[in-house]
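# Structure at a glance
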Amino acid sequence: MNKIKDTVKHLSFMLSIPALNVFYLLLNNPDRGVHSLVTDIDRSLPFLSIFILPYSSWYIFIFATLVYLCFRDRKTYYNALASVNISLIICYLIYFFYQTTVPRPVLAGNDFFTQMVTWVYKNDQPFNCFPSIHCLLSYLMVVAINTSKIKNRKNIFIIGSIAVLIILSTLFVKQHVLLDALAAMLLGDIIYKVVYNFNQGKVLQWIKRPSLLWTTKRKYEI
C-alpha cells in the first residue's frame, strides 16, 4: 500500500503539464502579430489525413512513456518531466514574442480521417507553431529512454518509432512546418542535456570551476 501511495505521489507531479497548458490556450491567437516560416519543402509535402492517427496519439504516448519511466526508472522520469516543463515554459515565451501560423488546406471528403482532422482544426487554432510542442515532447521521450538504465532494443524501438511517426504527422496534417520540427528537436536536445548534466552534478562542477581557478590564482599571487 505504501509503495502504491509513493508511486501515486511521484506521478502526481505530471499534473504540472496540464497546468502549464493554460498558457497555451491564452497564447493561441494572432493578437500579437504572426509570422510565417513556410518553405518550398513544406509546400511540396502532401496532406495525408491518415497521419491524424499518430498525431492524435501524442497525448497517450507522452503520458504512457512518463508513467513507464516512473515505474521503471525514477531518476530518468524526473529528468524527462523537468525537461518537459522547462520546454513548455520556453515555448510559451517564444509564442508570446514570436507567434507563427501555418496555412491549413481546405478539407474535402467525409471519411473518418478527414473528420478527425476537422475536429483537430476546430479545437486547435493554427498558431503556437514554432517550435512544435508535439515534436519537442516526443523527441524528449526518445532522448530520455536512450539515457535510461532500463533501455533495451525493444523500448528504444517502440518509443522511437512512435515519436518519428508523430513528428512526421505534424507535417503531413499541416499543423506544423519543417522549421517548427527542427527547432523543437534542437531545443529538446539542449534542455535535456542541461537537466541531465545538472542532476549528474556536472553543471555545478562547471560553475565551480572558474571560481576554483580564480581561488588558485589568488593563492599563488599571494
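Residues numbered from 1 in each chain as written. Predicted model: local features only at pLDDT ≥ 70, side-chain atom pairs only at ≥ 80, totals over all residues. Heavy atoms only, no water.

## Focus on the overall build of the protein chain
Along the backbone of the protein chain there are 11 helices and two strands. Within the protein chain, buried positions represent 41% of all 222 residues. Excluding contacts between residues fewer than 6 apart, the proportion of contacts in the protein chain whose partners are at least 24 apart in sequence is 88%. Of the roughly 12900 Å² of accessible surface on the protein chain, a fraction of 69% belongs to carbon and sulfur atoms. (Helix = DSSP H or I, 4+ residues; strand = E, 2+ residues; numbered from the N terminus. Buried < 20%, exposed > 50% of the residue type's maximum accessible area, 1.4 Å probe, protein only. Contact = heavy atoms within 4.5 Å. Areas by Shrake-Rupley, 256 points an atom, 1.4 Å probe, with all protein chains shown as cover.)

## Quick notes on the packing of helix H1 (residues 2-11) against helix H6 (residues 74-97)
The contact between H1 and H6 brings their axes to 11 Å, and the two run at 20°. The orientation of H1 with respect to H6, classified from their angle, is roughly parallel. Of the residues in H6, those touching H1 at Asp 6, Thr 7, His 10 and Leu 11 are Arg 74, Tyr 77 and Tyr 78. When the residues that make up the contact of H1 with H6 are grouped by side-chain class, the tally is three nonpolar, two polar and two charged. (Axes fitted to C-alpha atoms, helices over the stretch in contact; angles between N-to-C directions. Parallel < 35°, antiparallel > 145°, perpendicular 65-115°, else oblique. Nonpolar A, V, L, I, M, F, W, Y, C, P; charged D, E, K, R; others polar.)

## Observations regarding unusual backbone geometry
In this structure, the amide linkage connecting Phe 130 to the following residue, Pro 131, adopts the cis form with an omega of -5°. Non-glycine residue Asn 128 carries a positive phi angle of around 55°. The residue Lys 174 is not glycine, and still its phi comes out positive at about 60°. By the element assignment, Lys 174 lies in the loop between helix H9 (153-172) and helix H10 (178-199). Look at Lys 174 and you get buried, because its relative accessible area is 13%.

## Observations regarding helix H7 (residues 112-123)
Its 12 residues place the ends of H7 17 Å apart at the C-alpha level, agreeing with the 16 Å of an ideal helix rising 1.5 Å per residue. Among all positions in H7, only Thr 114, Met 116, Val 117, Val 120 and Tyr 121 are buried. Projected down its long axis, H7 shows its buried positions confined to an angular sector of 155°, all on one face. Relative to its buried face, H7 has exposed residues pointing more than 90 degrees away, namely Phe 112, Trp 119 and Lys 122. The N-capping residue of H7, defined by a side-chain oxygen 3.2 Å from the backbone nitrogen of Phe 113, is Asp 111. (Expected span 1.5 Å × (residues − 1). Arc of directions from axis to C-beta. Polar contact = N/O pair within 3.5 Å; in protein donor to acceptor, adjacent residues only side chain to side chain.)

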